[in-house]
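# Summary of the model geometry
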Amino acid sequence: MALEAATTSDRLLERDRELAAIRTALLHAAQETGAFVVIDGPAGVGKTALIDAAHEIALDADLLVLRARGAELERAFGFGIVRQLFDEVLRSGAFDPATLFTGAARVAAPLLAVDVDGGASSFPTDDPYAARHA
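To start, this report covers the structure provided alongside it.

Cut-off values and rules
- Residues numbered from 1 in each chain as written.
- Predicted model: local features only at pLDDT ≥ 70, side-chain atom pairs only at ≥ 80, totals over all residues.
- Heavy atoms only, no water.
- Helix = DSSP H or I, 4+ residues; strand = E, 2+ residues; numbered from the N terminus.
- Buried < 20%, exposed > 50% of the residue type's maximum accessible area, 1.4 Å probe, protein only.
- Contact = heavy atoms within 4.5 Å.
- Areas by Shrake-Rupley, 256 points an atom, 1.4 Å probe, with all protein chains shown as cover.
- Patch = residues over 30% accessible without salt bridge, like charges linked within 9 Å, V, L, I, M, F, W, Y side chains within 5 Å.
- Salt bridge = Lys/Arg side-chain N within 4 Å of Asp/Glu carboxyl O.
- Expected span 1.5 Å × (residues − 1).
- Bend = angle between axes of the 7 residues up to and from the residue.
- Axes fitted to C-alpha atoms, helices over the stretch in contact; angles between N-to-C directions.
- Parallel < 35°, antiparallel > 145°, perpendicular 65-115°, else oblique.
- Left-handed = near helix turned anticlockwise from the far one by under 90°.
- Nonpolar A, V, L, I, M, F, W, Y, C, P; charged D, E, K, R; others polar.

## Structural notes on the overall build of the protein
For the protein, the helix and strand inventory stands at five helices and zero strands. Reading the protein from its N terminus to its C terminus gives the helix and strand order α-α-α-α-α. For the protein, buried positions account for 21% of its 134 residues. In the protein, the share of contacts with a sequence separation of at least 24, taken over all contacts with a separation of at least 6, comes to 41%. Accessible surface, the protein as shown: approximately 9600 Å² in total, 54% of it carbon and sulfur.

## A short note on the side chain of arginine 15
Turning to its location among the elements, arginine 15 is positioned in the segment before helix H1 (16–30). Residue classification places arginine 15 among the buried residues on the basis of a relative accessible area of 15%. Apart from residues lying up to four places away in sequence, arginine 15 is in contact with Val45, Gly46 and Leu50.

## What to know about a nonpolar patch on the surface
Nonpolar side chains collect at one region of the surface, where Leu64, Leu66, Phe79, Val82, Phe86, Phe95 and Leu100 lie side by side and expose about 520 Å² of accessible area between them. In this fold, phenylalanine 95 is placed in the loop between helix H3 (80–92) and helix H4 (97–100). Among the residues examined, phenylalanine 95 registers a relative accessible area of 34% and is labelled partly exposed.

## Focus: H3
Here H3 is 13 residues long and its end C-alpha atoms lie 19 Å apart, about the 18 Å a rise of 1.5 Å per residue gives. The largest bend along H3 measures about 40° and falls at phenylalanine 86.

## Description of the packing of H1 against helix H2 (residues 47–60)
The contact between H1 and H2 brings their axes to 10 Å, and the two run at 40°. Compared by their axis directions, H1 and H2 come out oblique. When the axes of H1 and H2 are compared, the crossing they make is right-handed. For the pair H1 and H2, contact is made by Glu18, Leu19, Ile22, Arg23 and Leu26 and by Leu50, Ala53, Ala54, Ile57 and Ala58, respectively. Across the contact of H1 with H2, the residue classes break down as eight nonpolar, no polar and two charged.

What follows is the structure, given as structure tokens:
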């Protein structure tokens, strides 16, 4: 796994601690143990540069990276960010939707305009929160 690859640029000076935290989180993700990183700060401190670095490190480690960007227009579209995240993966054909939408996730398939098994769902659709939980 190439998580040790150096990611440096003029935009990431003195960010060794942050990059180490990102690498550690991605190492956990690669080992399927999970981790969570929050990048927070005022405008202009390099949050986007850190996200770009995380993206590069994850791709170097052969991890699947999904990206979306929230904008004011997204507010009007239900699940707009979720659709952005999964659209490229679903359209690429790299994954069989039937394997992505198993178990409780099957209820979310219609939200992303994905037809799994002819639209049949083994979960009740009368639960108004089922899709959100999926």
